[in-house]
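# Coordinate analysis (summary)
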Number of protein chains: 2
Amino acid sequence: MGQTAEKTRARLRAASEAVRGELPLGRILDGDCIEAMRTIPDASVDMIFADPPYNLQLGGDLSRPDGSHVDAVTDHWDQFDSFAAYDKFSREWLTEARRVLRPNGSLWVIGSYHNIFRLGAMLQDMGFWILNDVVWRKANPMPNFKGTRFTNAHETLIWCSMGEKAKYTFNYRAMKTLNDELQMRSDWVLPICGGQERLKKGGHKVHPTQKPEALLYRVMLATTNKGDVVLDPFFGTGTTGAVAKRLGREWIGCERESLYREAALERIELALPLDESAVTTMQSPRAATRVAFGALVETGWIAPGTVISDKKRKVQATVRADGSLVCGADSGSIHGLGAKLQGAPSCNGWSYWHVEHEGEIKPLDAIRQLYLLATED
Amino acid sequence: MGQTAEKTRARLRAASEAVRGELPLGRILDGDCIEAMRTIPDASVDMIFADPPYNLQLGGDLSRPDGSHVDAVTDHWDQFDSFAAYDKFSREWLTEARRVLRPNGSLWVIGSYHNIFRLGAMLQDMGFWILNDVVWRKANPMPNFKGTRFTNAHETLIWCSMGEKAKYTFNYRAMKTLNDELQMRSDWVLPICGGQERLKKGGHKVHPTQKPEALLYRVMLATTNKGDVVLDPFFGTGTTGAVAKRLGREWIGCERESLYREAALERIELALPLDESAVTTMQSPRAATRVAFGALVETGWIAPGTVISDKKRKVQATVRADGSLVCGADSGSIHGLGAKLQGAPSCNGWSYWHVEHEGEIKPLDAIRQLYLLATED
DNA sequence: GGCGACTGTGAATCGTTGT
DNA sequence: TACAACGATTCACAGTCGC
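Analysis parameters
- Residues numbered from 1 in each chain as written.
- Chains lettered and ligands numbered in written order.
- Predicted model: local features only at pLDDT ≥ 70, side-chain atom pairs only at ≥ 80, totals over all residues.
- Heavy atoms only, no water.
- UniProt positions renumbered as here; feature names shortened; annotations may be inferred.
- Helix = DSSP H or I, 4+ residues; strand = E, 2+ residues; numbered from the N terminus.
- Buried < 20%, exposed > 50% of the residue type's maximum accessible area, 1.4 Å probe, protein only.
- Contact = heavy atoms within 4.5 Å.
- Areas by Shrake-Rupley, 256 points an atom, 1.4 Å probe, with all protein chains shown as cover.
- Core = buried A, V, L, I, M, F, W, Y, C linked by side-chain atoms within 4.5 Å.
- Salt bridge = Lys/Arg side-chain N within 4 Å of Asp/Glu carboxyl O.
- Expected span 1.5 Å × (residues − 1).
- Arc of directions from axis to C-beta.
- Buried area = accessible area lost by both parts, 1.4 Å probe.
- Polar contact = N/O pair within 3.5 Å; in protein donor to acceptor, adjacent residues only side chain to side chain.
- Nonpolar A, V, L, I, M, F, W, Y, C, P; charged D, E, K, R; others polar.
- Pairing = 2+ DSSP bridges.
- Axes fitted to C-alpha atoms, helices over the stretch in contact; angles between N-to-C directions.

- Naming follows an unreviewed UniProt entry, where chain A appears as Methyltransferase of Novosphingobium aquiterrae.
- The UniProt entry for chain A carries the following text under Sequence similarities (unreviewed entry): "Belongs to the N(4)/N(6)-methyltransferase family."
- According to its UniProt record, chain A has this under Catalytic activity (unreviewed entry): "a 2'-deoxyadenosine in DNA + S-adenosyl-L-methionine = an N(6)-methyl-2'-deoxyadenosine in DNA + S-adenosyl-L-homocysteine + H(+)".

Listed below in structure tokens is the structure:
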């Protein structure tokens, strides 16, 4: 690594720490979320989770997102007027969200069919890059009492990065582990928020649309790292904050209703952080110790001259002293030669090549695991 | 009832019959769907099902972990220069769709996150009234081969009427019957189209995105009546036509690729009108519930940090945030770590691991049962 | 015929790092 | 910034073949 790159990285790290010092970590900013977000520095948060109001078209009285009243006229013009107001509000908070997100940060938005399509189209128009739409399939939704439509049994989340080429955090291995060794899918079955978890005051629910902690838990575990800063512009009763605390993430909230702020602070105070070991998640092999194939050769786990083959033993190659392989006139690394022999653009030599070991034919990766176990610490 | 109203109704019925005579029922209109729809009279069809191009914007080639190639949708009809071009195209065909729909008709659109948000926002802007968004949860989606995102395991349908006050057809009772006497929900679990149903020619699929008949079956049974006219502007290989025939609905298609038109006509010719068995072969969403260990962790049934053990409490492990276990230097899923610690090739973690619960030591499976009871519909 | 092993495939915005 | 090297990564079905 060049000295210049090293210095650049160090400077960025220092700048990042300086910005972090300015952040209102663990605080709920009072007031309108757009105004509140304006006090947060550029490119300073790692993830935003937003559960914006969807108070649209609910029949009866209609109010704009800014709180002003819309006449209960339901002609086409008025619909347009109300959509336009909602779009304006959405564009404003999304603009601030985009400004405060780091280049490698990501944004989650949750909504229902009333608003999610407008939000999704707007995200695309603003340059966000949709990574997945995720369906929260409610295990116990409210039935459709009138029997006039399908039971509205899900909500939609959109997860997006800052742009097509932007990087983002995705803890693939942790998600796979969480889902019993199967890839996590885009449809999540989770119960709605109720029971002990549902905040109540005087027998009434404090917030009409409190989200279950399990939902935020999965979002945060999937797309942030320990210590990351998570911002929730529509904090409500603080589900995001409570889960962030439990998972060792930093949080910032925006909320204009004092009732919600108070309930949230009390709740987060009571939330117990997990200890270090519990927050640790399964790492991808990439993040774990890297082993060069050559290391197995020079330490004697695989002797030079060993003949290795593909699983069906149709293709064979010989290991050379420097860890390269040779097969007829062809030679190369375990990956390169594997790709060449298959005529494939790429190949993972660790899983393609096999070797006899204790009477069985095993992939190289198995030998690598043994090597890792033996040389650990 | 007034005589005038009676006369008005009779006149409308006669007009309706006259219009029906002009309709190209049971025919596939050749050419661009916008041009083709222009030949259809105003207010003459009862339901439109549209499966437009998704504008996937795919990058380079994609290969599977085993090196084989993924046969992606690279057809010219899915290529658009920009979101603006896609929007223009969408607005044009939706304008024609709105014109030919009867006042009490309804429209279905299916899409993925690439296009569905744009379509949904456009529908709202045009005055359509969204009745439900419906999620088709694929039982067997293609995995995410590179481990970079959540498995894209669903597509979204939007069902809308002509306006907020417009009437529409919804066969509530039929849906409830189809769903084991439970209200039909907005999430439908159905397999993708494959096996005998998938049209093939020379060993290759005729159409890259053929929809399963079960999907159209449910759409049509829910939102049309027998004898209604159903229009599909993106007819493809005619799933809509085949299901319409089976269910005793009239159909009209638009399709510009002659290869698809020919396959569709042949297929619809072979389709049999509905027999009773077709109803009973529909999938029930009450399939066996699968629970991942991670689900118990994120919903709080088992807290991260909990120490679990084998039945004799000789081996202990700690639960981490992602549902993995850690025991000394070893870690893994409940199944994997259990196997590793026993030196066994495999292990059922649900029965191997135990946890203290209400003073007793119980297998994880007991907690899973409690979870299932609590979250059951 | 039955069962298990093996193969093929589906609307997919599918990599990272160092030179 | 382009290029090359490294190396990480798949689930549910359906169909076929062989024992």
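From this point, the narrative continues.
### So, the overall build of chain A
- The helix and strand tally for chain A stands at 13 helices and 18 strands.
- Sorting the 377 residues of chain A into buried and exposed places 51% on the buried side.
- Look at the contacts in chain A between residues 6 or more apart in sequence, and 65% of them connect residues 24 or more apart.
- When the accessible surface of chain A is split by element, carbon and sulfur atoms take 52% of a total near 17,800 Å².

### As for the nonpolar core
- A:Trp93 and B:Trp93 are the most contacted members of the largest nonpolar core, which has 72 residues in total.
- Excluding its chain neighbours within four sequence positions, the residues that come into contact with B:Trp93 are B:Cys33, B:Ile34, B:Met37, B:Ala50, B:Pro52, B:Val109, B:Leu119 and B:Phe234.
- The next biggest cluster of nonpolar side chains, apart from the first, holds 62 residues, and it includes A:Trp108, A:Leu190, A:Ala242 and A:Ala271.

### Examining the pattern of salt bridges
- Per the counting criterion, the structure on display carries 38 salt bridges over all chains.
- For the salt bridge of B:Lys205 with B:Asp71, the shortest nitrogen-to-oxygen distance reads 3.5 Å. One end of the pair, B:Lys205, is in strand 8 (residues 204–205); the other, B:Asp71, is in the loop between strand 2 (45–50) and helix 3 (83–100), and 134 residues separate them in sequence.
- The partly exposed category is assigned to B:Lys205, whose relative accessible area is 34%.
- B:Glu356 is the salt-bridge partner of B:Arg313, the closest N and O atoms lying 3.0 Å from each other. In this pair, B:Arg313 is assigned in the loop between strand 11 (307–309) and strand 12 (316–319) and B:Glu356 in strand 15 (residues 354–357), connecting sequence segments 43 residues apart.
- By relative accessible area, B:Arg313 is classed as partly exposed at 43%.
- By relative accessible area, B:Glu356 is classed as partly exposed at 46%.
- Here the salt bridges do not stand alone but share partners, grouping A:Arg137, A:Arg185, A:Asp187, B:Arg137, B:Arg185 and B:Asp187 into one network.

### Comments concerning helix 7 (residues 239–246) of chain A
- Along helix 7 of chain A, seven of the eight residues are buried, which leaves the element largely enclosed by surrounding structure.
- Phi turns positive, to about 70°, at A:Gly248, one or two residues after helix 7 of chain A.

### Section: helix 8 (residues 258–270) of chain A
Residue and element names in this part refer to chain A.
- The terminal C-alpha atoms of helix 8 lie 19 Å apart, and with 13 residues this matches the ideal 18 Å at 1.5 Å per residue to within 8%.
- Taken together, the buried positions of helix 8 are Tyr 260, Arg 261, Ala 263, Ala 264, Arg 267 and Ile 268. The buried residues of helix 8 occupy an angular sector of 165° when the element is viewed end-on, so they sit on one face. Away from the buried face of helix 8 by more than 90 degrees, exposed residues Glu 266, Glu 269 and Leu 270 are located.

### Some points on the environment of A:Pro103
Residue and element names in this part refer to chain A.
- Mapping Pro 103 onto the fold places it in strand 5 (residues 101–111).
- Judged by its relative accessible area of 53%, Pro 103 falls in the exposed class.
- Considering only alpha carbons, one finds Pro 103 and Leu 265, 162 residues apart in sequence, at a separation of 30 Å.
- Leave out the neighbours within four places in its chain, and Pro 103 touches Ala 43, Met 162, Ala 166 and Lys 167.

### Quick look at the interface of chain B and chain A
- At the junction of the two partners, chain B supplies 80 residues and chain A supplies 76 residues.
- Overall, the association of chain B and chain A removes approximately 6,700 Å² of surface from exposure, summing both partners, and the carbon and sulfur fraction of that is 52%.
- On the chain B side of the contact with chain A, B:Phe117, B:Phe150 and B:Glu298 bury the most area, a combined 14% of that side's loss.
- One can count five salt bridges joining chain B with chain A.
- Across the salt bridge formed by A:Asp125 and B:Arg118, the nearest N and O atoms sit 2.7 Å from each other.
- In this structure, the connection of chain B to chain A is made through 38 residue pairs in polar contact (both at pLDDT 80 or more).
- Among the elements of the structure, helix 4 (116–125), strand 4 (129–138), strand 5 (154–161), helix 5 (172–178), strand 6 (187–190), helix 10 (293–298), strand 14 (330–332) and helix 13 (364–375) of chain B are those that each provide at least two residues to the side of chain B that touches chain A.
- Examining the composition of the side of chain B that touches chain A, we find that nine residues originate from one element, strand 4 of chain B, more than from any other.
- Grouping the amino acids of the side of chain B that touches chain A by side-chain chemistry returns 37 nonpolar, 26 polar and 17 charged.

### Regarding the sheet that holds strand 1 (residues 27–30) of chain B
All names here are of chain B.
- The strand order across the open sheet built from eight strands is 1-10-9-2-3-5-4-6, with neighbouring strands paired in mixed fashion. Each having just a single partner strand, strand 1 and strand 6 make up the two edges of the open sheet. Averaged over neighbouring strand pairs, the angle between their axes works out to 20° when direction is ignored.
- Examined bridge by bridge, strand 4 and strand 5 share eight bridges and lie antiparallel to one another. The partner of Arg 137 across the bridge, within strand 5, is His 154.
- On the sheet, helix 6 (residues 213–223) packs against strand 2, strand 3 (101–111), strand 4, strand 5, strand 6 and strand 9 (229–232) and is oriented at approximately 145° with respect to strand 6.
- Its contacts with the sheet place helix 7 (residues 239–247) against strand 2, strand 9 and strand 10 (250–255), and it is angled at close to 170° to strand 10.

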